[in-house]
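A closer look at the structure
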Amino acid sequence: MNVNRIIWIVLDSVGIGEARDAAKFGDEGADTLGHTAWANGGLNIPNMVKLGIGNIDGAHNLERCDNPIGCFGKLAEISAGKDTTIGHWEMAGIYLRIRFLCIQTDFRRILLMNLSEKQVCRVYYAISRLQEHR
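Quantities reported herein were computed from a predicted structural model and do not represent experimental measurements. (Residues numbered from 1 in each chain as written. Predicted model: local features only at pLDDT ≥ 70, side-chain atom pairs only at ≥ 80, totals over all residues. Heavy atoms only, no water.)

1. Brief notes about the overall build of the protein chain
Formally: Working definition: helices are DSSP H or I runs of at least four residues, strands are E runs of at least two. Numbering for both runs from the N terminus. Only protein chains enter the accessibility calculation, which uses a 1.4 Å probe. A residue is then buried if its area is under 20% of the maximum for its type, exposed if over 50%, and partly exposed in between. In this description, contact between two residues means that some pair of their heavy atoms is separated by no more than 4.5 Å. The accessible surface values rely on the Shrake-Rupley method and a 1.4 Å probe; as for residues, cover is taken only from the protein chains in view.
When helices and strands are counted, the protein chain shows five helices and zero strands. In the protein chain, which comprises 134 residues, the proportion classed as buried is 16%. Across the protein chain, every contact between residues at least 6 apart in sequence was considered, and the portion connecting residues at least 24 apart equals 30%. Of the accessible surface of the protein chain, which amounts to about 10,900 Å², a share of 55% is contributed by carbon and sulfur atoms.

Quick look at the structure:
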């Protein structure tokens with residue numbers, strides 16, 4: 001087969017089923033697209049269906065296509081981590097042996113606990129000023 005052009009569609013943060021390492025990150029049962037389709041009684045995405053989105057291994061609540069016109073698949077990262085940046089880097093051929101920090105707690109609470117009272121007041125003042133200018 002002679003391929004002259006590739007159109008690569010990346011649906012960032014649109015997960016189809018959980019990743020094989022989901023338990024490491026507390027993501028068991030993750031299925032963003034399947035849960036969205038279920039909650040809305042389906043999705044009106046006929047062109048994506050024709051390309052084969054419902055045929056991807058692990059897809060739930062999505063219409064399948066008997067003769068898809070596209071190639072389709074689900075990427076499983078080999079680098080350590082669950083970060084979007086890692087996935088983008090891997091598509092470009094860059095792999096990480098050490099994992100990025102994954103903050104699984106309330107970042108704001110940790111940040112504020114480590115600031116002095118005066119610094120906390122400045123942070124809240126800055127946020128309130130930003131909101132006034134929206």
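2. Notes on a nonpolar patch on the surface
Counted only if it meets this: Residues forming no salt bridge and having over 30% relative accessible area are the ones grouped into patches, like charges within 9 Å of each other and nonpolar side chains (Val, Leu, Ile, Met, Phe, Trp, Tyr) within 5 Å. The rule for a salt bridge is simple: a side-chain nitrogen of Lys or Arg has to be within 4 Å of a carboxyl oxygen of Asp or Glu.
Nonpolar side chains collect at one region of the surface, where Met 1, Val 3, Ile 6, Trp 8 and Val 10 lie side by side and expose about 670 Å² of accessible area between them. The topology assignment puts Met 1 in the segment before α1 (32-39). Met 1 gets classed as exposed once you look at its relative accessible area, which sits at 97%.

3. Some words on the side chain of Glu 90
Rule in force here: Under this rule, positive means Lys or Arg and negative means Asp or Glu; His and the chain ends count for nothing. Under the rule applied, a polar contact is a pair of N or O atoms within 3.5 Å (in protein, one hydrogen donor and one hydrogen acceptor; residues adjacent in sequence only if both atoms are side-chain atoms).
Structurally, Glu 90 can be placed in helix α3 (residues 84-91). Buried and without a salt bridge, Glu 90 has Arg 20 as its closest oppositely charged side chain, separated by 7.5 Å. At 2.6 Å, the side chain of Glu 90 forms a polar contact with the backbone nitrogen of Ser 79. Setting aside residues up to four positions removed in sequence, Glu 90 forms contacts with Ala 76, Glu 77, Ile 78, Ser 79 and Tyr 95.

4. Structural notes on α1
One turn of an α-helix holds 3.6 residues; hence residues three or four places apart share an orientation. Cut-off, in case you're wondering: Note: the arc covers the axis-to-C-beta directions of the helix.
The set of residues buried in α1 consists of Leu 33, Gly 34 and Ala 37. Along α1, the residues classed as buried sweep out an arc of 100 degrees about the axis, all on the same side. Turned more than 90 degrees away from the buried face of α1, the exposed residues are Trp 38 and Ala 39. Downstream of α1 by a residue or two, Gly 41 has a phi angle that is positive, lying close to 70 degrees.

5. Structural notes on α3
Listed in full, the buried residues belonging to α3 are Ile 86, Gly 87 and Glu 90. Buried positions in α3, seen along its axis, are confined to an arc of 100 degrees and lie on one side of it. Directly after α3, the chain includes Gly 93, whose backbone phi takes a positive value near 95 degrees.

6. What to know about unusual backbone geometry
Trans peptide bonds make up most of the peptide bonds, and negative phi angles are found at most residues other than glycine. One non-glycine residue with positive phi stands out, namely Asn 61, at about 60 degrees. Within the secondary structure, Asn 61 is located in the loop between α2 (46-51) and α3.

7. Overview of the side chain of Asn 55
With respect to the helices and strands, the residue Asn 55 is situated in the loop between α2 and α3. Aside from chain neighbours lying at most four places away, what touches Asn 55 is Arg 64, Cys 65, Pro 68 and Phe 72.

This is a description of form; function is not addressed.
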